[in-house]
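# Inside the fold
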Amino acid sequence: MTTAFADVSAAPLAELLSLVGRQAVVTGGAQGLGKAIALRLAEAGANILIGDLNADRAQAAADDIAARFPVRALGAAMDVADSESVRAAAASAVEELGGIDIWVNNAGIFPSVPVLETPDGTWEQVFAVNTRGVFNGSREAARHMTGADRGGVIINIVSTAGFTGTAPGLSAYVGSKHAVRGMTKQMALEFAPLGIRVLGVAPTFVPTEGNMAAAAAHPPSDSGAAMAVMTNSLIGRMGTPDDIARVVLFCASDLSTIMTGSTLLADAGQTI
Ligand SMILES: NC(=O)c1ccc[n+]([C@@H]2O[C@H](COP(=O)([O-])OP(=O)(O)OC[C@H]3O[C@@H](n4cnc5c(N)ncnc54)[C@H](O)[C@@H]3O)[C@@H](O)[C@H]2O)c1
């Protein structure tokens, strides 16, 4: 049966922006963009489950959120590449928060290795986390949203690397993010009759714990090209994690009910 998305055109702005009474899962939310996203969703009133490979940091992030906003926030161990692990964390969200209305597929890895030096395992790992991880999370989210007959929103964190080539060394990453953009379209088609919207958000380069550590550990082979990608911004500064989180909040809220299947470029004009 097809579920029509509600027409909220007459609703006041504060109501459209509010996520009070909704439950959100953010994968890879212990730090970086995911933590910033979880903070804004919580500020809008959503209860939050942060699923992360690093369970201790997930719990610390959840504790921080619960200290700042009057919502429930939980941390859980989750490996998005492992469907059983995703299933268990989703079940915790349903059991402890009461359901899943918003699922943000944010967890991702970005090893920088030139194609000629890339071992098979590195390529497999990038696709396991960045692409299969999005599939695993979306499938699990949609199962719960459908089972509870409540619809919902799934948001995939893509990248400008889902639209264009980027700094040398990121072929597996670019491939994985183009695939996520494709899945965003296809799942939107398949889930629309279930009342579930699927959107992508494609950030430009934003300094985070993860990419700063990666750059320090493995300086890019072509640092000039990498720097050109990083500093390519029309807004006169680099983006911040919160710049991206506010776009995700728009997607998660009823402000964006007309949208599904598209990927929003949050790119400081990088790709025009
Ligand atoms: N920061 C950027 O410049 C940028 C730009 C475009 C897109 N992105 C995308 O945004 C997302 C977050 O990037 P970030 O810069 O915040 O990264 P980050 O490394 O700072 O944080 C990523 C988090 O994901 C977790 N994680 C890694 N593998 C996981 C797995 N298998 N299962 C669950 N959790 C896992 C890590 O423990 C970490 O907490 C990624 O998908 C990345 O591709 C980032």
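Preceding block: the structure.
The rules behind these values
Residues numbered from 1 in each chain as written. Predicted model: local features only at pLDDT ≥ 70, side-chain atom pairs only at ≥ 80, totals over all residues. Heavy atoms only, no water. Salt bridge = Lys/Arg side-chain N within 4 Å of Asp/Glu carboxyl O. Helix = DSSP H or I, 4+ residues; strand = E, 2+ residues; numbered from the N terminus. Buried < 20%, exposed > 50% of the residue type's maximum accessible area, 1.4 Å probe, protein only. Polar contact = N/O pair within 3.5 Å; in protein donor to acceptor, adjacent residues only side chain to side chain. Contact = heavy atoms within 4.5 Å. Expected span 1.5 Å × (residues − 1). Bend = angle between axes of the 7 residues up to and from the residue. Near = heavy atom within 4 Å. Areas by Shrake-Rupley, 256 points an atom, 1.4 Å probe, with all protein chains shown as cover. 1 Å grid on protein atoms, 1.4 Å probe; cavity = no way out; pocket = protein on both sides within 12 Å on 5 of 7 lines; lining within 4 Å. Sits in = over half its atoms within 2 Å of the grid points. Points joined across faces, edges and corners; volume = space filled by probe spheres on them. Nonpolar A, V, L, I, M, F, W, Y, C, P; charged D, E, K, R; others polar. Patch = residues over 30% accessible without salt bridge, like charges linked within 9 Å, V, L, I, M, F, W, Y side chains within 5 Å. Axes fitted to C-alpha atoms, helices over the stretch in contact; angles between N-to-C directions. Parallel < 35°, antiparallel > 145°, perpendicular 65-115°, else oblique. Left-handed = near helix turned anticlockwise from the far one by under 90°.

Before going further, it helps to examine the pattern of salt bridges. Enumeration according to the criterion identifies twelve salt bridges in this entry. Between Glu 43 and Arg 40 there is a salt bridge, and its shortest N-O distance comes to 2.8 Å. One end of the pair is Glu 43 and the other is Arg 40, both in helix α2 (residues 32–43) and three residues apart, which spans about a single turn. Look at Glu 43 and you get partly exposed, because its relative accessible area is 45%. Look at the salt bridges and you will find they share partners, linking Arg 40, Glu 43, Arg 237, Asp 242, Asp 243 and Arg 246 into a network.

With that out of the way, let us pick up the side chain of Thr 204. With respect to the helices and strands, the residue Thr 204 is situated in the loop between β6 (196–203) and α7 (209–217). One polar contact links Thr 204 to Gln 270, side chain to side chain, over a distance of 2.5 Å. Other than its neighbours up to four places away in sequence, Thr 204 contacts Thr 160, Asn 232, Ala 266, Asp 267, Ala 268 and Gln 270.

To continue, consider helix α5 (residues 120–147). With 28 residues, α5 should reach 40 Å at 1.5 Å per residue; the first-to-last C-alpha distance of 38 Å fits that figure. For α5, the principal kink sits at Arg 132 and spans about 40 degrees.

What follows concerns the site of the ligand. Close to the ligand lie 28 residues, the nearest being Asp 52, Asn 106, Tyr 173, Val 206 and Thr 208. Asn 106 is positioned such that a nitrogen or oxygen atom in its backbone is 2.7 Å from an oxygen atom of the ligand. Contact between the ligand and Lys 177: an oxygen atom at 3.0 Å from a side-chain N or O atom of the residue. Look at the ligand: alone it shows 840 Å² of surface, and the protein chains cover 93% of it. Its atoms largely coinciding with the cavity grid, the ligand occupies the largest pocket. Elements with a minimum of two residues in the shell around the ligand: α2, α6 (171–191) and α7.

Empty pockets left among the atoms are what a rolling probe the size of a water molecule brings to light. Space inside the largest pocket adds up to approximately 1300 Å³. Lining the largest pocket are 50 residues, and of these Gly 108, Ile 109, Phe 110, Gly 210 and Asn 211 lie nearest its centre. Elements represented by at least two residues in the lining of the largest pocket include exactly α2, β2 (47–52), α5, α6, α7 and α8 (223–230). At five residues, α7 tops the list of elements feeding residues into the lining of the largest pocket. By volume, the second largest pocket amounts to about 350 Å³. For the second largest pocket, the lining is made up of 20 residues, of which Phe 5, Arg 150, Gly 151, Gly 152 and Gly 195 are closest to its centre. Classifying every residue of the lining of the second largest pocket gives nine nonpolar, five polar and six charged.

A surface patch of nonpolar side chains, amounting to about 250 Å² of accessible area, comprises Leu 13, Leu 17 and Leu 255. By secondary structure assignment, the location of Leu 255 is in the loop between α9 (241–252) and β7 (263–266). Look at Leu 255 and you get partly exposed, because its relative accessible area is 32%.

Here we come to the packing of α2 against α9. Put simply, α2 and α9 touch, their axes get as near as 8 Å, and they point 50 degrees apart. Viewed along their axes, α2 and α9 adopt a mutual orientation that is oblique. Pair α2 / α9 crosses with right-handed handedness. Facing Gly 32, Leu 33, Ala 36, Ile 37, Arg 40 and Leu 41 of α2, the residues of α9 in contact are Pro 241, Asp 242, Ile 244, Ala 245, Arg 246, Val 248, Leu 249 and Ala 252. Tallied by class, residues from the contact of α2 with α9 come to ten nonpolar, one polar and three charged.

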